Amino acid sequence: MLLVCRFEVPEAEAAEFTATARHALELLTAQPGCRTGRLGRATDAADRWVLVVEFDSVVAYRRSMSPFPVREVVVPLLSRALADEPAAFELTVSAADGVADEHVSLLAGDAGTVRLGEAAGPADPR
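None of the values given here were measured: they were computed from a predicted structure.

**Re helix α3 (residues 68–78)**
For an α-helix, 3.6 residues make a turn, and residues three or four places apart therefore share a direction. Among all positions in α3, only V70, V73, V74, L77 and L78 are buried. Each buried residue of α3 sits inside an arc of 120° when the element is viewed along its axis, so together they form one side. In α3, the exposed residues that point more than 90 degrees away from the buried face are F68 and E72. On its buried side, α3 packs onto β1 (2–8), α1 (14–29), β3 (48–55) and α2 (58–64).

Structure representation (structure tokens):
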């Protein structure tokens, strides 16, 4: 699972934002199931930033967000993210050393149509 959050940060706040994001990444990547995390700054818009964190699964993501120190630092940081697009993504293809691997969806085929409390789990992957 990928967490992708974009931020708009005024230049005057960039140093504080970077320090907070660094601390958030240290806390998150210390959690079981959190694979890697990165913070990047746009090359053509100095006030635009992106935070990308990879987790083993949605369950690992949720568990990683549970400890108090994580909630204390990460949740306020993520609340600053631009909210005009989704932030959580399912990994479909990954590549390393020239080899690409496809990943089976963990979402049920009816994930977009089933209401809360109606589904028991992913019976039919997309």
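**Quick notes on the sheet that holds β3**
Across the sheet, four strands lie side by side as β2-β3-β1-β4; this open sheet has antiparallel pairing. On the outer flanks of this sheet lie β2 (34–41) and β4 (88–89), each paired with one strand and no other. When β1 meets β4, the two strands line up antiparallel, connected through two bridges. By the bridge assignment for β4, L2 is matched with F89. Docked against the sheet, α1 engages β1, β2 and β3, running at close to 170° with respect to β2.

Criteria and cut-off values
- Counting starts from 1 at the beginning of each chain's written sequence and moves along it residue by residue.
- In keeping with the predicted nature of the model, local features appear solely for residues at pLDDT of at least 70, side-chain atom pairs appear and are counted solely at 80 or more, and the whole-chain, interface and lining totals rest on all residues.
- With hydrogens and water stripped out, all remaining heavy atoms of the structure feed into the side-chain values.
- Here's how the labels work: a residue is buried when its accessible area is under 20% of the maximum for its type, exposed when over 50%, partly exposed in between, all with a 1.4 Å probe on protein chains only.
- Helix numbering and strand numbering both begin at the N terminus, where a helix is a DSSP run of H or I of at least 4 residues and a strand a DSSP run of E of at least 2.
- Arc definition: it is the arc formed by the directions from the helix axis to the C-beta atoms.
- Whether two residues are in contact is decided by their heavy atoms, any of which lying within 4.5 Å being enough.
- The criterion for strand pairing is that DSSP finds at least two bridges linking the strands in question.
- In this analysis, axes come from line fits to C-alpha atoms, helices being fitted only over the stretch in contact, and the angle between any two N-to-C directions falls in the range 0 to 180 degrees.

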